[in-house]
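Residues per chain, in single letters:
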Amino acid sequence: MTVASIPVPELSPATLSPALAIRAVRASYGRIEVLHGVDLTVPAGSVFALLGPNGAGKSTLLKVISGQMRPTAGEVVIGDKPVGKLPTEKLARTGLCSIPEGRGIFPNLTVRENLRIWTYRGGLSVKSVEEQTYATFPRLSERRKQLAGTMSGGEQQMLAISRALVTDPKVLLLDELSMGLAPLIVSELYELVGTLAAQGKTILLVEQFVTTALLVATRAAIMVHGKIQQEGTPSDMATAALSVYLSS
Amino acid sequence: MSPVDEPRLASEPNGGGLPALTVSQVSVSFGGVSALTDVNLVVPPGTVTGLIGPNGAGKTTLFNVISGLQEPDRGAIHFFDTDVTMMKPYRRARLGLARTFQRLELFGTLTAGENVQVGLESTVKWWQWRHLRKALWRNSGAESARGDSTAVDALVGSDALAVTTPDRLLAEVGLGGMSNEQANAMPTGLARTVELARGLAIGPKLLLLDEPGSGLDEAESQALGTLLVRLASTGMAVLLVEHDMELVMRICDRILVLDFGHVIATGTPEAIRSDPTVQAAYLGAGSTSGGTQ
Amino acid sequence: MTSFLQYTIFGIILGAGFAIAATGLVVTYTTSGVFNFAHGAVGMIAAFSYWELVANHHVPVVLALVIILLIGAPIAGALVERVLMRRLHGATAERPIMVTLGLLVILTGVATIVWSPKNQYQLSPIVSGSFRQVSINLQYQQVLTIGIAIALVIGLRFLFSSTRTGVGLRAVVDDPGLLAMSGASPDAMSQYGWILGFVMAALAGVLLALTQEQTGISIVAMTLLVVNGYAAAIVGRLKNIPVTFIAAIVIGLLEDYIIYYALPHLSQGLNSDITLALPMVFLFIALVMLPSVRLRAVGRLSTVRVPRMPSGKESLLGGVAFFVLAVIASVVLSSAVVRGTNLLNLGGEIMALGIVGLSLVLLTGYSGQVSLCQFSFMGIGAFLMGKVAGGGSLLGLVAAALVCAVLGALVALPTLRLRALYFALATFAFADAVDQGFFQDSRVFGGGINVGRIVLPGLSFGGNRSEFLLLSVIFVLVALLVLTIRRSLFGRRLVAMSDSPAAYATVGLNLAVTKVAVFAIAAALAGIAGGLYATVNGTVGSSDFDFFSGIIFVLFVTVWSIRTVSGAFLAAVTFVVLTTFWSTGLGLVAGAGIILIGRAASGILGIDRLSTLLPLPWVKRASGGGDSGTLAGIGITPMGGEARVAG
């Protein structure tokens with residue numbers, strides 16, 4: 001497995017200031033509360049894996065962090081600034097990159113046009129965005145005039161994650177990066193996550209596939225029923241997650 | 001992924017009778033991305049069959065194909081000996097196929113009782129004068145069906161439950177006294193149970209449940225398990241998609257594992273739990289060597 | 001042959017105008033998800049503004065165009081998005097339809113006040129002169145129109161493929177959430193979409209106005225001329241600009257050929273207004289050709305509480321109380337005359353219109369289907385009442401109910417499989433086609449047809465008081481019927497169908513049958529209402545059932561509360577009072593009302609605070625239902641209102 005060979009910075013959470021702090025966050029869809037007071041601290045420069053079964057509220061938490069959903073209580077702090085009521089696009093321009101579940105691409109735009117959208121982050125030229133992306137994913141270069149939605153799942157996900165690559169975010173949120181993808185492509189994508197981590201970016205990733213996530217993670221937590229059930233080192237969490245998933 | 005463990009399409013342990021549901025070689029793709037590939041499965045009457053798999057494995061798509069909300073590209077669906085592949089959803093329901101939805105599809109502005117009642121009355125012709133006459137005086141909801149139970153009794157095709165009014169049916173699923181609650185104001189767990197009761201109200205022979213346990217607490221989940229086992233014991237076929245593995249392992253007679261739109265394993269809960277293919281599917285690539293780095 | 005070529009050129013010019021209008025509509029729809037029913041009215045306002053500036057105030061043409069296209073239209077578009085549309089996020093699907101219809105009636109209302117329909121509005125071409133080519137005469141003006149249309153298509157193509165904003169405008173269609181996560185504001189994109197849409201509507205309006213050289217421009221004709229673009233936009237499925245463009249040219253040609261070749265051969269005396277019905281006929285055909293909407297589970301959860309339904313006893317008490325009040329009113333007001341009309345006759349009109357309102361409660365309030373053609377059924381009912389068995393006969397009422405029920409089923413059958421917006425558009429098209437093609441035909445209503453009062457064995461309703469009381473009784477009975485239906489099995493099904501079509505089908509119920517049934521019943525009720533309406537004043541004319549009045553009435557019911565019997569009644573009161581005292585303000589008040597109500601699904605009667613502030617006892621009783629109170633409809637809160645529940 002190539003992923004294991006990626007150098008992951010050994011960081012102790014205690015010595016670092018948090019890049020992202022979630023404090024007693026509650027959120028609901030209509031009358032139905034799905035997050036019942038979530039506390040989570042992601043140290044700067046760490047790769048934090050958030051695990052848990054379907055319906056635990058992981059994706060909802062990411063929506064709250066990225067400003068797509070307002071928490072009903074609690075607060076989200078990025079760096080040292082509370083997010084407050086900043087709209088999603090402002091958050092994105094201040095250095096939060098969120099790659100949503102499914103495919104974080106515009107299926108009816110071509111690859112190039114998708115890359116053009118990434119320049120809304122500010123301070124980027126189309127040219128540099130294209131160069132950087134094609135250098136990392138030569139396959140996308142071949143498909144630059146193709147509609148993104150007609151590419152394979154793996155290529156779509158490469159395009160999605162290229163946003164994290166070119167926009168130089170401070171905090172990166174990855175939701176189910178490996179969903180529905182073949183193992184080979186998953187490891188290719190996680191190789192890139194490892195590279196981004198090595199550049200010192202703070203990454204919060206939500207995964208159902210425990211092992212993949214834990215290969216790059218420096219810290220992990222398990223979320224069940226809208227709450228953080230336990231938090232610890234990746235290897236501890238791997239065992240814990242398996243018992244949550246298969247109830248063995 | 002390891003080679004596909006072919007599901008047993010031949011006769012099932014339960015009496016050798018016709019399976020309630022037979023899905024043969026069903027494939028579905030969305031815009032070139034395939035969601036289900038040659039899926040085969042059978043659900044015998046009188047059993048609870050679990051359908052599990054990671055997010056995005058195609059479970060809900062399969063439910064949509066079975067209930068008629070999604071047309072398959074290839075393959076066939078048989079309900080007992082009827083080919084229902086091209087049948088409209090409401091016709092399948094009239095044959096005795098009921099389902100619930102992962103994202104709730106309740107009649108939100110009706111009460112819990114009315115939700116169930118719509119199911120109970122689904123075979124009644126609306127132009128029958130009796131129903132208008134009743135509505136002249138009584139409010140909608142549970143009360144109007146009360147005192148007329150013999151009529152409604154006849155409507156419920158299945159004898160799975162000896163309940164015939166919304167009140168009694170709701171009580172049966174543990175929602176006694178809640179029939180006047182507006183459905184969209186109920187907490188998820190209870191709302192899901194209302195959906196289940198509405199499904200039962202049409203007197204189904206096959207019940208498709210899409211994550212009925214999410215949003216339920218421990219005790220409620222226990223009660224749900226007991227109820228499903230009891231339903232199966234009356235001869236109903238239950239196909240259950242659920243992420244609460246404790247529940248699935250406890251009540252299912254057989255489990256199918258779906259991954260990337262393929263059925264990758266079939267077997268008893270014990271066999272599934274120890275199946276390395278299944279563990280790999282749940283834990284992700286390269287995990288067969290163990291759960292840690 | 002020469003004339004054929006000439007007509008073809010005309011058709012292409014017309015089509016070019018339609019294409020500009022249609023493309024604007026598509027741009028707005030794709031970027032904001034809102035179909036702008038007022039698009040035609042925006043074009044009409046632009047055309048009249050052009051007349052005002054150029055013909056009336058002699059402003060240079062170029063300056064006038066700059067003022068209209070580069071200043072007026074963009075500002076108006078941006079304002080409409082910011083003030084009207086952005087507030088509607090999370091509202092029910094019917095609300096953007098209602099709000100843009102509100103804008104439509106406001107714009108036509110304002111235009112009627114500013115540019116009196118009594119006057120003539122002639123325009124001269126921007127560039128005059130002509131040249132001869134291949135034995136046909138071409139005016140420079142016509143060449144200019146085609147040139148602008150082509151330039152616009154090229155310009156749009158450039159915008160959408162080669163500028164970041166253009167790509168962003170397409171991206172917002174795909175996934176507004178992801179666009180926001182990428183750092184662009186989806187709201188800003190929608191706003192650009194509205195600005196573009198308005199500019200193109202205005203441009204289409206001006207260019208199409210210039211094709212009306214011989215006849216001059218009129219408010220209705222201009223508004224409907226732009227509506228030709230609607231059909232083209234539908235053919236392009238509201239997203240495909242090239243297809244839309246081609247469809248518009250084809251429609252332009254068809255319309256031209258029909259006018260020049262087919263119409264002269266049709267029977268004599270056919271009103272020339274029938275050409276005004278053509279856009280709607282095309283629109284209807286385009287809609288019918290659309291593929292069916294796929295039934296799917298959407299996981300929408302509405303979060304709003306609905307009130308307890310009144311029991312049969314409560315309804316009956318309310319009905320009796322209402323009737324007692326009506327008796328008292330009939331005694332007190334028996335000789336009052338307002339503006340030449342006996343007050344009791346106005347009361348009779350209110351009762352008849354109230355029944356139309358009740359048909360909307362059943363159709364839109366309970367089963368969630370928007371219908372803009374209840375006035376058509378009403379007019380047909382009135383017509384039958386006047387023609388069957390010598391007028392004023394009960395047989396006429398029966399005929400009105402039956403014919404309208406059948407017609408209703410025929411309208412619903414091909415369109416019920418469409419989604420809400422297209423269904424509303426189909427009723428919009430039907431309503432206008434019936435108005436322009438049938439009601440306006442001089443052989444139908446002519447100067448008005450005489451309808452006698454109803455005669456029952458042993459009873460005469462010749463007196464104004466007895467007529468008023470008869471209509472009050474019928475209104476109460478229909479109200480009780482509607483409430484009874486809501487309490488019955490059928491009513492539960494209507495609400496269930498509206499709440500979740502997917503679940504409706506999966507419990508074994510047939511959506512199609514229920515939809516046709518409720519549409520036919522509502523049409524029959526409207527037909528009966530029309531028959532009764534005709535007996536009040538003894539004579540009715542086409543203007544009583546005018547297309548715009550029908551839309552205004554729907555808006556009033558929505559403003560008061562389309563889910564309650566009280567709402568239907570109050571809408572009828574508002575409509576009749578305004579028609580009597582300030583008919584020019586009818587559209588303005590209705591439009592302003594719907595804009596103020598905004599997202600509140602159950603209208604004024606659904607707003608909790610208002611009803612607690614003003615305990616209006618008659619609101620609850622007069623309806624014969626008392627089902628108003630704290631009604632709240634579906635989807636009031638912005639986030640949770642129609643929130644999708646994700647994993």
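Residues numbered from 1 in each chain as written. Chains lettered and ligands numbered in written order. Predicted model: local features only at pLDDT ≥ 70, side-chain atom pairs only at ≥ 80, totals over all residues. Heavy atoms only, no water.

## Brief notes about the overall build of chain C
Here is step 1 of the chain: Each helix and strand in chain C was counted, giving 26 helices and eight strands.
Here is step 2 of the chain: In chain C, which comprises 647 residues, the share counted as buried stands at 61%.
Here is step 3 of the chain: Accessible surface, chain C as shown: approximately 23100 Å² in total, 68% of it carbon and sulfur. (Helix = DSSP H or I, 4+ residues; strand = E, 2+ residues; numbered from the N terminus. Buried < 20%, exposed > 50% of the residue type's maximum accessible area, 1.4 Å probe, protein only. Areas by Shrake-Rupley, 256 points an atom, 1.4 Å probe, with all protein chains shown as cover.)

## What about the sheet that holds strand E3 (residues 48–52) of chain B?
Residue and element names in this part refer to chain B.
Here is step 1 of the chain: Ordered in space as E6-E7-E8-E3-E9-E10, the six strands form an open sheet in which the pairing is mixed. One side of each edge strand has no neighbouring strand; the edge strands of this open sheet are strand E6 (97–99) and strand E10 (262–267). Direction aside, neighbouring strands of the sheet carry axes that sit 20° apart on average.
Here is step 2 of the chain: As paired strands, E3 and strand E9 (residues 254–259) are joined by four bridges and run parallel to one another. When the sheet's bridge partners are listed, Gly 50 is paired in E9 with Ile 255.
Here is step 3 of the chain: Sitting on the sheet, helix H1 (residues 59–67) is in contact with E3, E6, strand E7 (206–210), strand E8 (237–241) and E9, with an inclination near 150° to E7. (Pairing = 2+ DSSP bridges. Axes fitted to C-alpha atoms, helices over the stretch in contact; angles between N-to-C directions. Contact = heavy atoms within 4.5 Å.)

## With respect to a positive patch on the surface
Here is step 1 of the chain: A cluster of basic side chains, namely Lys 88, Arg 91, Arg 94 and Lys 125 of chain B, defines a positive patch on the protein surface.
Here is step 2 of the chain: On the secondary structure map, Arg 91 of chain B appears in helix H2 (residues 89–95). (Patch = residues over 30% accessible without salt bridge, like charges linked within 9 Å, V, L, I, M, F, W, Y side chains within 5 Å. Salt bridge = Lys/Arg side-chain N within 4 Å of Asp/Glu carboxyl O. Lys, Arg positive; Asp, Glu negative; His and termini not counted. Charge placed at Lys NZ, Arg CZ, Asp CG, Glu CD.)

## Re a nonpolar patch on the surface
Here is step 1 of the chain: A surface patch of nonpolar side chains, about 790 Å² in accessible area, is lined by Val 62, Leu 63, Val 66, Ile 67, Leu 70, Ile 71, Ile 75, Leu 79 and Val 83 of chain C.
Here is step 2 of the chain: For Val 66 of chain C, the location among the structural elements is in helix H3 (residues 61–85).

## Let's talk about the pattern of salt bridges
Here is step 1 of the chain: A complete count under the given rule lists 17 salt bridges over all chains for this structure.
Here is step 2 of the chain: The residue Glu 246 of chain B makes a salt bridge to Arg 250 of chain B at a minimum N-O spacing of 3.6 Å. Of this pair, Glu 246 of chain B and Arg 250 of chain B both sit in helix H10 (residues 245–251), four residues apart, roughly one helical turn.
Here is step 3 of the chain: Its relative accessible area of 36% is what places Glu 246 of chain B among the partly exposed residues.
Here is step 4 of the chain: Measuring nitrogen to oxygen at the nearest pair gives 3.7 Å for the salt bridge that ties Arg 453 of chain C to Glu 467 of chain C. Of this pair, Arg 453 of chain C sits in the loop between strand E5 (449–450) and strand E6 (455–456) while Glu 467 of chain C is found in helix H17 (residues 464–487), placing the two residues 14 residues apart along the sequence.
Here is step 5 of the chain: Taken together, the salt bridges that share partners define one network made up of Arg 139, Arg 143 and Glu 155 of chain A.

## Points about the pairing of E3 of chain B
Residue and element names in this part refer to chain B.
Here is step 1 of the chain: The buried fraction of E3 amounts to five of the five residues, a majority that puts the element mostly inside the structure.
Here is step 2 of the chain: Every second residue of E3 is oriented toward a common face, with Val 48, Gly 50 and Ile 52 on one face and Thr 49 and Leu 51 on the other, all of them buried.
Here is step 3 of the chain: Two elements, E3 and E8, share four bridges in a ladder whose sense is parallel. Residue pairing across strands places Val 48 opposite Val 238, the latter belonging to E8.

## Examining the sheet that holds strand E7 (residues 171–175) of chain A
Residues and elements named next belong to chain A.
Here is step 1 of the chain: The six strands lie next to each other as E6-E7-E8-E3-E9-E10, forming an open sheet whose pairing is mixed. Looking at strand neighbours, the two that pair on one side only are strand E6 (96–99) and strand E10 (227–232), the edges of this open sheet. When the angles between neighbouring strand axes are averaged without regard to direction, this sheet yields 15°.
Here is step 2 of the chain: By the bridge criterion, five bridges tie strand E3 (residues 47–51) to strand E8 (residues 202–207) in an arrangement that is parallel. By the bridge assignment for E8, Phe 48 is matched with Leu 204.
Here is step 3 of the chain: Docked against the sheet, helix H6 (residues 153–166) engages E6 and E7, running at close to 170° with respect to E6.
Here is step 4 of the chain: Across the sheet, helix H7 (residues 183–198) is in contact with E3, E7 and E8; its angle to E8 comes to roughly 155°.

## Some remarks on H6 of chain A
Here is step 1 of the chain: For H6 of chain A, which comprises 14 residues, the first-to-last C-alpha distance of 20 Å matches the rise-based estimate of 20 Å (1.5 Å per residue) to within 8%.
Here is step 2 of the chain: Along H6 of chain A, 14 of the 14 residues are buried, which leaves the element largely enclosed by surrounding structure. (Expected span 1.5 Å × (residues − 1).)

## Examining the side chain of Thr 110 of chain A
Residue and element names in this part refer to chain A.
Here is step 1 of the chain: Examined against the element boundaries, Thr 110 turns out to sit in the loop between E6 and helix H3 (111–118).
Here is step 2 of the chain: Judged by relative accessible area, which is 16%, Thr 110 ranks as buried.
Here is step 3 of the chain: Among residues more than four places away in sequence, those in contact with Thr 110 are Arg 144, Lys 145, Gln 146, Leu 147 and Ala 148.

## Some details on the packing of H3 of chain C against helix H4 (residues 94–114) of chain C
Packed helices, taken two at a time, are described by their axes: the angle between them and the distance between them.
Residues and elements named next belong to chain C.
Here is step 1 of the chain: The contact between H3 and H4 brings their axes to 12 Å, and the two run at 130°. Judged on the interaxial angle alone, H4 and H3 are oblique. Between H3 and H4 lies a crossing of right-handed hand. Between H3 and H4, the residues in contact are Val 80, Leu 84 and Met 85 and Pro 96, Val 99, Thr 100 and Leu 103, respectively.
Here is step 2 of the chain: Of the residues assigned to the contact of H3 with H4, the class counts are six nonpolar, one polar and no charged. (Parallel < 35°, antiparallel > 145°, perpendicular 65-115°, else oblique. Left-handed = near helix turned anticlockwise from the far one by under 90°. Nonpolar A, V, L, I, M, F, W, Y, C, P; charged D, E, K, R; others polar.)

## Brief notes about the packing of helix H1 (residues 2–32) of chain C against helix H10 (residues 241–262) of chain C
All names here are of chain C.
Here is step 1 of the chain: Direction vectors running N to C along H1 and H10 enclose 140°, while the axes themselves pass 6 Å from each other. Here H10 runs oblique to H1, going by the angle between their axes. Between H1 and H10 lies a crossing of right-handed hand.
Here is step 2 of the chain: In terms of residue class, the contact of H1 with H10 is built from 20 nonpolar, seven polar and two charged.

## Remarks on the confidence of the model for chain B
All names here are of chain B.
Here is step 1 of the chain: Summarising the model, chain B shows a mean pLDDT of 79, and 80% of its residues fall at 70 or more.
Here is step 2 of the chain: Low pLDDT, under 50, characterises residues 1–15; the stretch is placed with 26 contacts to residues that sit more than four places away or in other chains.
Here is step 3 of the chain: Below a pLDDT of 50 lies the segment residues 285–293, which in the model reaches 17 contacts outside its immediate sequence neighbourhood of four places, other chains included. (pLDDT = per-residue confidence, 0-100.)

## Observations regarding the packing of aromatic side chains
Here is step 1 of the chain: Enumeration according to the criterion identifies 35 aromatic pairs over all chains in this entry.
Here is step 2 of the chain: Consider the rings of Phe 475 of chain C and Phe 569 of chain C, whose centres lie 5.6 Å apart with planes at 45°: the pair is tilted. One end of the pair, Phe 475 of chain C, is in helix H17; the other, Phe 569 of chain C, is in helix H22 (residues 565–581), and 94 residues separate them in sequence. Here the two residues Phe 475 of chain C and Phe 569 of chain C agree in accessibility, since each one is buried.
Here is step 3 of the chain: Following the ring pairs from residue to residue traces out a cluster consisting of Phe 4, Tyr 7, Phe 10, Tyr 257, Tyr 260 and Tyr 261 of chain C.
Here is step 4 of the chain: Seen from the ring of Phe 107 of chain B, Arg 198 of chain B lies directly overhead, with NZ or CZ sitting 4.6 Å from the centre. (Phe/Tyr/Trp six-rings, centres within 6.5 Å; stacked < 30°, edge-to-face > 60°. Lys NZ or Arg CZ within 6 Å of the ring centre and 35° of its normal.)

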